[in-house]
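Spelled out, the chains give:
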Amino acid sequence: MNVRLKIVKELAKFRERTSFYIEDYWGSEEQIENEIKIINELDKIVNLNNEMKYNETIVEWLERMLKITK
């Protein structure tokens, strides 16, 4: 699966207005596993700085990764 599609699906799980929304998803085992999978996929992209900024939330990081992987 394309990493951008994984990011979009992951973002949808945090947003109440989507069919993918999962209550209490934040910090769940599934969320952490999905985040690790996304990081591993992003690590394969050459010259991509996928480090999370100091005061960035996971949602902000996923949105930023979505923008820079165009």
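The present account deals with the structure reproduced in this document.

Criteria and thresholds
Residues numbered from 1 in each chain as written. Predicted model: local features only at pLDDT ≥ 70, side-chain atom pairs only at ≥ 80, totals over all residues. Heavy atoms only, no water. Helix = DSSP H or I, 4+ residues; strand = E, 2+ residues; numbered from the N terminus. Rg over C-alpha atoms; globule rule 2.2 N^0.38 Å. Buried < 20%, exposed > 50% of the residue type's maximum accessible area, 1.4 Å probe, protein only. Contact = heavy atoms within 4.5 Å. Polar contact = N/O pair within 3.5 Å; in protein donor to acceptor, adjacent residues only side chain to side chain.

It is worth spelling out the overall build of the protein chain at this point. Within the protein chain one finds three helices and zero strands. Reading the protein chain from its N end, one meets helices and strands in the order α-α-α. Its C-alpha atoms give the protein chain a radius of gyration of 12 Å, within 12% of the compact-globule value 11 Å for 70 residues. Considering only C-alpha atoms, the protein chain reaches an extent of 35 × 30 × 20 Å along its principal axes. Burial statistics for the protein chain: of 70 residues in total, 33% are counted as buried.

The next point concerns helix α1 (residues 3-12). When we look at burial in α1, the residues that qualify are V3, I7, E10, L11 and A12. Structurally, α1 contributes buried residues whose contacts are with α2 (29-43) and α3 (58-68). If you check the start of α1, you find a side-chain oxygen 2.8 Å away from the backbone N of R4, and it comes from N2.

What follows covers unusual backbone geometry. The phi dihedral of D24 is positive, around 60°, even though this residue is not glycine. Its place among the elements puts D24 in the loop between α1 and α2. We note that N47 has phi near 60°; this positive angle belongs to a residue other than glycine.

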